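Letter by letter, the chains look like this.
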Amino acid sequence: MSKTTKAPKDPEGRMALADHLRELRNRLVKSLLAIIVFTIAAAFYSRELVHFLIEPLPACGPGGELPEGMKHCVEISTIGLTTPFTIALKVSLTAGVVAATPVWLYQLWKFVSPGLHRHEKRYSVSFLALGTPLFLAGAVLAYVIMPTTAMMLISFIADGVKAIVPVETYLDLITRMVLVFGLGFELPLFLVMLNLIGVLSGKRLLGWWRAMVMGITVFAAFATPSADPLSMLALAAPIWMLYFLAVGVALLNDKRKLARNPDALLSDEEASEVDLTVDAVEDAEAVGAAEPVQAARHDDIT
């Protein structure tokens, strides 16, 4: 039986649609396997993770006493026989997604990198070196502002009313905040990646700044679970700064491309400029008179 040989790779990274879908499937499978592995590892520490996540809540004392300097406190409870297992699964899965950040970011970059030039593929290390800290910074910020968010929500409780918070409801809230904040911090990096592969130019990104600022604000308003403007600004302000930083990086990259090739930023539908300037013509050299040609004799012709 003859062995099947793989088709040679296109040096320009071009692939058929079926090959793109197959490549996307492989990258997704590898990312999911990494998340599953880290989720299983985090499951052994699910109790510690749950305790770490509920620590920002102003929990009541054993006798119902208020924490120092607090006007309200909450009693954390759980309802249902299978709820502890569900809680452990959710917490472990969130920890798996966070821990596997370098892996799925790398798979995302490898899916996009075939469309890059050889000298642009070296940015993969920078992509991972920046993408992982950005995601973790967003997750940490969500955890840091959680006490302020919790106190804002608890402040709406009327006096004399006991607040009982199901732990599964609270964990759904904080895990959503961790993932949303982490992905929100990745937005500027994705914009830079789109600029590197030639999809978006720095000039276009800069022209979108009003819409981007508004969109980031609306995103932060929906992402934060409370009506607390401090929590909303805590998410929106860093993304604003990262967005303008991404625009600056994109403009510098475009300037570097134009220095190498003046037509680098033209789309496929745009024609490059044609140089129609006429060079000066030098004075023509004088040509001497031509010598007459002797007529051929009739005998030579015949």
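Each value, and the rule that gives it
- In this convention, every chain numbers its residues from 1, walking through the sequence in written order.
- Only residues with pLDDT of at least 70 get local features here, since the model is predicted, and only at 80 or more are side-chain atom pairs given and counted; chain-wide, interface and lining totals rely on the full set of residues.
- In computing side-chain properties, one takes all heavy atoms of the structure into account and sets aside hydrogens as well as water.
- Paired rings are identified among Phe, Tyr and Trp, the last through its six-membered ring, by centres lying within 6.5 Å, and are further divided according to the angle between planes into stacked (under 30 degrees), edge-to-face (over 60) and tilted (the rest).
- When a residue's accessible area, from a 1.4 Å probe over protein chains only, is under 20% of the maximum for its type it is buried; when over 50% it is exposed; and in between it is partly exposed.
- Among buried residues, those of type Ala, Val, Leu, Ile, Met, Phe, Trp, Tyr and Cys that are joined through side-chain atoms within 4.5 Å constitute a nonpolar core.
- The helix count covers DSSP runs of H or I at least four residues long, the strand count covers runs of E at least two residues long, and both are numbered beginning at the N terminus.
- Pairs of residues are marked as contacts when any of their non-hydrogen atoms sit within 4.5 Å.
- Axis definition: a line fit to C-alpha positions, over the contact stretch in the case of helices; interaxial angles, taken between N-to-C directions, run 0 to 180 degrees.
- For classification purposes, angles smaller than 35 degrees are called roughly parallel, those larger than 145 roughly antiparallel, those between 65 and 115 roughly perpendicular, and all remaining angles oblique.
- Here the nonpolar group is Ala, Val, Leu, Ile, Met, Phe, Trp, Tyr, Cys and Pro; Asp, Glu, Lys and Arg are the charged ones; every other residue, Gly included, is treated as polar.

Caption draft 1: Layout of the packing of aromatic side chains. Scanning the entire structure with this criterion turns up 4 aromatic pairs. For the pair Tyr243 and Phe244, a centre-to-centre distance of 5.1 Å together with 65° between the ring planes defines the contact as edge-to-face. A residue is classified by how much of its surface remains accessible, and Phe244, at 38% relative accessible area, is partly exposed. Put simply, the rings of Trp209, Tyr243 and Phe244 pair up and form one aromatic cluster.

Caption draft 2: Main features of the nonpolar core. Ranked by internal contacts, the top residues of the largest apolar core, which has 57 residues, are Trp104, Tyr170, Leu171, Ile174, Phe181, Phe185 and Leu235. For this core, the element with the highest residue contribution is helix H7 (residues 167-196), accounting for 14 residues. Each residue touching Ile174, except ones within four places of it in the same chain, is listed here: Leu53, Tyr143 and Met146.

Caption draft 3: Structural detail: the packing of helix H3 (residues 83-99) against H7. At a minimum axis distance of 10 Å, the contact between H3 and H7 shows a crossing angle of 10°. Judged by the angle between their axes, H3 and H7 are roughly parallel. Together, Thr83, Ile87, Lys90, Val91, Thr94, Val97 and Val98 of H3 and Val167, Glu168, Leu171, Asp172, Thr175, Val178 and Leu179 of H7 make up the contact between the two elements. For the contact of H3 with H7, a count of residues per class yields 8 nonpolar, 3 polar and 3 charged.

Caption draft 4: Local environment of the side chain of Ser31. Within the secondary structure layout, Ser31 lies in helix H1 (residues 17-43). In this structure, Ser31 is in contact with Trp104 and Gln107, ignoring residues within four places of it in sequence.

These values are about where atoms sit, not about what they do.
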